[in-house]
Amino acid sequence: MKGPGEAVAGQGPTSGFDDGGTPVAAGRLPVGATSRGPVDGGRRRRAGSIALEVVARWEFVLVAMIVVVTIYSSLTTPFFLSISNFWNIWSVSMPVGIMMFPMIFIIMFAGIDLSVASMMAMCGVSVGLLFQHGFNIWLAALIGLLIGAMAGFINGAAVVWVGLPPLIVTLATQSLYRGVATGLIGMNSVTSFPWAFQFFGQATVGGTSIPVSVVIFVIFAVICSLILRRTTFGKRLYAFGNNEVAANFAAVRVDRIKIALFAFAGVMCALAGLLITAQENSIRSDTGLGLELSVICAVLLGGVSPFGGRGNVLGPVLGLFLIGEVQYTMDLHNVPTQSLQAAVGVLLILALAIPAIVRHRGVRKGLKSLAQLFVSRATVPGLGGNGRV
């Protein structure tokens, strides 16, 4: 009998024998065998890596959390699973959502703005007083946006030109702007705005149940996402967040970006003030008290790094819906307001802790092993044979 590798008449060199003792030519496999073993190993590794990337993405975790909360809410609250409730959650969250977009940019360069809710109230009160004193509502709204831009510019100027940390500056202006709102109107309220103004906070699109405010939110979400992903400004923002010193050496005008972002935050807070006034047909000096925590929580829960340089728009949008869903469910269960604030605090802690845990090397290796195990036992159509990976 020929040994492996020795020639067999008319067949060339052999690589061995099959179970029946028949020589097999080099480069060929025994009858009935396939070459899928090594290939399948590569496929498993590739599929496992893809599965790990999906599972390890923070957006996947947020979606899973939303599903869990939805299941719990639907089991404990009658009629929770309805289109009207879905849009109610989004509609109530819109003022926070509008303020969330500039906060994404600010936190991405390792900054913070604690004055967003106070700016919202101050601008809303200013618009209400102007309207009450005979100004056209749209002219009053335009002045409110300019007031917001100025307030944001003051924040940015104090950070850049005075050299104070954003946390200290915005903590001070948080009290300042809220105090201005209280000084302007006291504890009174302005009401009875025209329907054309209320339309943006209360109307729906056509004959659907989609709120107009949600459409506005989606437009801003798309614009901000394109800015981050497709523009030079977005790339510079990532670079600045990763390393401010290197960004300065690369001729990135960091100071201008900072001031522009804080001014943008002021404008968006003013817009949020207009929106919440239109929704409630009323504005008070204490409107939105404490909403800055929800804004920051939505951004951090969405995976934007508090150390800067990492983040996107999709994650915070999912985080915003998760917060809104949790608060809406607690509202339906008549949970006190203090507990609602505590829930936001718990979500904020999770927003900071879970990404750090997921990024831990040991946890990632465990996730990769689980993903490969799952893929190795999954049936994938189109691979031939019995379809097993």
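Residues numbered from 1 in each chain as written. Predicted model: local features only at pLDDT ≥ 70, side-chain atom pairs only at ≥ 80, totals over all residues. Heavy atoms only, no water.

Enquirer: I'd like a rundown of the overall build of the chain, residues and numbers included.
Expert: A tally of regular secondary structure across the chain gives 15 helices and 5 strands. Relative to its full complement of 389 residues, the chain shows a buried share of 46%. For the chain, long-range pairs separated by at least 24 residues make up 71% of all intrachain contacts whose partners lie at least 6 apart in sequence. As presented, the chain carries roughly 19600 Å² of accessible surface, and 66% of it is formed by carbon and sulfur atoms. (Helix = DSSP H or I, 4+ residues; strand = E, 2+ residues; numbered from the N terminus. Buried < 20%, exposed > 50% of the residue type's maximum accessible area, 1.4 Å probe, protein only. Contact = heavy atoms within 4.5 Å. Areas by Shrake-Rupley, 256 points an atom, 1.4 Å probe, with all protein chains shown as cover.)

Enquirer: Report on the nonpolar core, specifying residues and quantitative values.
Expert: Within the largest apolar cluster, 92 residues are counted, with the highest numbers of intra-cluster contacts made by W90, M100, F101 and I104. Not counting residues within four places of it along the chain, the set of residues in contact with F101 comprises F217, F220, A221, C224, M268 and V313. (Core = buried A, V, L, I, M, F, W, Y, C linked by side-chain atoms within 4.5 Å.)

Enquirer: Explain unusual backbone geometry to me, using residue names and the numbers behind them.
Expert: For S192, which is not glycine, the phi dihedral falls at a positive 60°. Considering the arrangement of structural elements, one finds S192 in the loop between strand 4 (189-191) and helix 7 (195-202). For S192, a relative accessible area of 52% puts it in the exposed group. One non-glycine residue, N334, adopts positive backbone phi at about 60°. The residue N334 is located in the loop between helix 13 (314-332) and helix 14 (337-358) in this model. Residue N334 is classed as exposed on the basis of its relative accessible area of 68%.

Enquirer: Please provide a residue-by-residue account of the packing of helix 3 (residues 83-108) against helix 8 (residues 212-230), values included.
Expert: At a minimum axis separation of 9 Å, helix 3 and helix 8 run at an interaxial angle of 25°. Of the possible angle classes, the one that applies to helix 3 and helix 8 is roughly parallel. Note that helix 3 runs across helix 8; the crossing there is left-handed. Taking contact as the criterion, the partners of W87, W90, S91, M94, G97, I98, M100, F101, I104, F105 and M108 in helix 3 are, on helix 8, S213, V214, F217, F220, A221, C224, I227 and L228. Partitioning the contact of helix 3 with helix 8 into residue classes produces 16 nonpolar, 3 polar and no charged. (Axes fitted to C-alpha atoms, helices over the stretch in contact; angles between N-to-C directions. Parallel < 35°, antiparallel > 145°, perpendicular 65-115°, else oblique. Left-handed = near helix turned anticlockwise from the far one by under 90°. Nonpolar A, V, L, I, M, F, W, Y, C, P; charged D, E, K, R; others polar.)

Enquirer: Help me get a handle on the pattern of salt bridges, residues and values and all.
Expert: This structure, assessed with the given rule, holds 1 salt bridge. The salt bridge involving R284 is made with D286; its shortest N-O contact spans 3.0 Å. Overall, D286 belongs to the partly exposed group, its relative accessible area being 31%. (Salt bridge = Lys/Arg side-chain N within 4 Å of Asp/Glu carboxyl O.)

Enquirer: I'd like a rundown of helix 13, residues and numbers included.
Expert: For helix 13, built from 19 residues, the straight-helix expectation of 27 Å at 1.5 Å per residue is met to within 8% by its first-to-last C-alpha distance of 27 Å. Of all the 19 residues making up helix 13, 15 are buried; the element is thus mostly covered by neighbouring parts of the structure. Positive phi shows up at N334, right after helix 13, with a value of about 60°. (Expected span 1.5 Å × (residues − 1).)

Enquirer: Which residues make up the side chain of T287, and what are the values?
Expert: Turning to its location among the elements, T287 is positioned in the loop between strand 5 (282-284) and helix 12 (291-301). Engagement of the side chain of T287 in a polar contact is seen with the backbone oxygen of R284, the distance being 3.0 Å. Excluding anything up to four places from it in sequence, T287 contacts A117, M120, A121, R178 and I276. (Polar contact = N/O pair within 3.5 Å; in protein donor to acceptor, adjacent residues only side chain to side chain.)

Enquirer: So what about the packing of helix 3 against helix 13? Which residues, and what values?
Expert: For the pair helix 3 and helix 13, interaxial distance at closest approach is 9 Å and the crossing angle is 135°. Here helix 3 lies oblique to helix 13, going by the angle between them. Between helix 3 and helix 13 the crossing geometry is right-handed. Counted together, N85, F86, N88, I89, W90, S93, M94, V96, G97, M100 and I104 of helix 3 and P316, V317, L320, F321, G324, E325 and Y328 of helix 13 form the full contact between these two elements. Looking at the contact of helix 3 with helix 13 residue by residue, the classes come out as 12 nonpolar, 5 polar and 1 charged.

Enquirer: Explain the confidence of the model for the chain to me, using residue names and the numbers behind them.
Expert: Of all residues in the chain, 74% attain a pLDDT of 70 or more, and the chain-wide mean is 81. Scored below 50 in pLDDT, residues 7-12 makes 8 contacts in the model with residues more than four places away or belonging to other chains. (pLDDT = per-residue confidence, 0-100.)

Enquirer: Explain the packing of aromatic side chains to me, and be specific about the residues and the numbers.
Expert: Two descriptors summarise a pair of aromatic rings, namely the distance from one centre to the other and the angle between the planes of the rings. Per the stated rule, a full pass over the model turns up 14 aromatic pairs. Between F193 and F197, the ring centres sit 5.4 Å apart and the planes meet at 40°, which makes this aromatic pair tilted. Assigned by exposure class, F193 and F197 land together as buried. Put simply, the rings of F131, W138, F193, W195, F197, F199 and F200 touch in pairs and so form one group of aromatic residues. (Phe/Tyr/Trp six-rings, centres within 6.5 Å; stacked < 30°, edge-to-face > 60°.)

Enquirer: Can you break down the environment of I106 residue by residue, with the values?
Expert: Looking at where I106 falls in the secondary structure, it is placed in helix 3. Each C-alpha atom of the pair I106 and P306 lies 9.7 Å from the other, and the pair is 200 residues apart in sequence. Look past the residues within four positions of I106 in its chain and what remains in contact with it is G111, I112, D113, L261, F262 and A265.

Enquirer: Give a detailed account of a nonpolar patch on the surface, specifying residues and quantitative values.
Expert: A cluster of nonpolar side chains, namely M150, F153, I154, W161, V162 and L164, defines an oily patch on the protein surface of about 620 Å² accessible area. Inspection of the secondary structure puts L164 in the loop between helix 5 (137-160) and helix 6 (166-185). Relative accessible area serves as the criterion here: at 38%, L164 is assigned to the partly exposed category. (Patch = residues over 30% accessible without salt bridge, like charges linked within 9 Å, V, L, I, M, F, W, Y side chains within 5 Å.)

Enquirer: Residue-level account of the environment of V159, with values.
Expert: Take V159: it is sitting in helix 5. For the pair formed by V159 and F262, sequence separation is 103 residues and the distance between their alpha carbons is 9.5 Å. Discounting chain neighbours no more than four positions away, the residues touching V159 are L164, P166, V169, K258 and F262.

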